[in-house]
Amino acid sequence: MVKLISSTTNILQTVSVAARVCYSGLPIDRLLSEFSTEDNRRLIKKVTGMGHLSVVEHAVFTFTVEESLKDELFSIMMEKPYLSISRTENGFIVTLNLRTMKELQSLFPDFEFTKAISKYIPEWLK
């Protein structure tokens, strides 16, 4: 079993600001207030559609993962070391970013862990 503990608040706005901050020249407060949800969706679809997934790394998720998925987590760590895994008495706490979550869908589509976390990938990134 995989259970979400926490995630970045307002993921779309967070990654949209990350995408705009380098090129717009606008101050952060304007980046946060001047663009609609639809503007942000269009931007992220365009940017990620061109292969620029680094902006979605700013969204972070933390899950509890039961012991039975230990082998899957080990396989993932060998391929994608961009996640943090802490041992607990009943399993693991796993923290990873949205880019890694998206990439795991291609690398390990049949893993229970991947299937469980895939439901947290926003529609605008699918």
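Just above sits the structure.
In what follows, the accompanying structure is described. All values derive from a computational prediction rather than experimental measurement. (Residues numbered from 1 in each chain as written. Predicted model: local features only at pLDDT ≥ 70, side-chain atom pairs only at ≥ 80, totals over all residues. Heavy atoms only, no water.)

Comments concerning the overall build of the chain
From N to C terminus, the chain includes 6 helices and 4 strands. Secondary structure of the chain in N-to-C order comes out as β-α-α-α-β-α-β-β-α-α. Overall, the C-alpha framework of the chain stretches about 45 × 25 × 20 Å when taken along its three principal axes. Across the 126 residues of the chain, 39% fall into the buried class. (Helix = DSSP H or I, 4+ residues; strand = E, 2+ residues; numbered from the N terminus. Buried < 20%, exposed > 50% of the residue type's maximum accessible area, 1.4 Å probe, protein only.)

Points about the sheet that holds strand β4 (residues 91–97)
With respect to topology, 4 strands assemble into an open sheet ordered β1-β2-β4-β3, the strand pairing being antiparallel. Single-partner strands in this sheet number two, and they are β1 (2–7) and β3 (83–87). Within this sheet the neighbouring strands show an average axis-to-axis angle of 20 degrees, counted without direction. Bridging between β3 and β4 involves 5 bridges; their strand directions are antiparallel. Looking at β4, one finds that Ser86 is bridged to Ile93. Running over the sheet, helix α4 (residues 70–79) touches β2 (60–66), β3 and β4 and is turned about 145 degrees from β3. (Pairing = 2+ DSSP bridges. Axes fitted to C-alpha atoms, helices over the stretch in contact; angles between N-to-C directions. Contact = heavy atoms within 4.5 Å.)

Structural notes on the nonpolar core
Residues Val65, Leu96, Leu98, Phe113 and Trp124 are the most contacted members of the largest nonpolar core, which totals 31 residues. Of all the elements, helix α1 (residues 11–24) adds the most residues to this core, at 4 residues. Apart from residues no more than four positions distant in its own chain, Phe113 is found in contact with Val2, Val65, Leu69, Glu72, Leu73, Ile76, Val94, Leu96 and Leu104. (Core = buried A, V, L, I, M, F, W, Y, C linked by side-chain atoms within 4.5 Å.)

Points about a nonpolar patch on the surface
Residues Val21, Ile28 and Leu32 make up a contiguous nonpolar surface patch of about 230 Å² in total accessible area. Position of Ile28 among the secondary structure elements: in helix α2 (residues 28–33). By relative accessible area, Ile28 is classed as partly exposed at 43%. (Patch = residues over 30% accessible without salt bridge, like charges linked within 9 Å, V, L, I, M, F, W, Y side chains within 5 Å. Areas by Shrake-Rupley, 256 points an atom, 1.4 Å probe, with all protein chains shown as cover. Salt bridge = Lys/Arg side-chain N within 4 Å of Asp/Glu carboxyl O.)

Structural notes on the layout of surface pockets
Here the largest pocket is characterised by a volume of approximately 150 Å³. For the lining of the largest pocket, the element with the highest residue contribution is α1, accounting for 4 residues. (1 Å grid on protein atoms, 1.4 Å probe; cavity = no way out; pocket = protein on both sides within 12 Å on 5 of 7 lines; lining within 4 Å. Points joined across faces, edges and corners; volume = space filled by probe spheres on them.)

Some remarks on the environment of Ser6
For Ser6, the position within the fold is in strand β1. Take Ser6: its relative accessible area is 36%, and that puts it in the partly exposed class. Distance from Ser6 to Ser54, taken between C-alpha atoms, is 21 Å for residues 48 residues apart in sequence. Excluding residues that lie within four positions of it along the chain, Ser6 makes contacts with Val60, Phe61 and Thr62.

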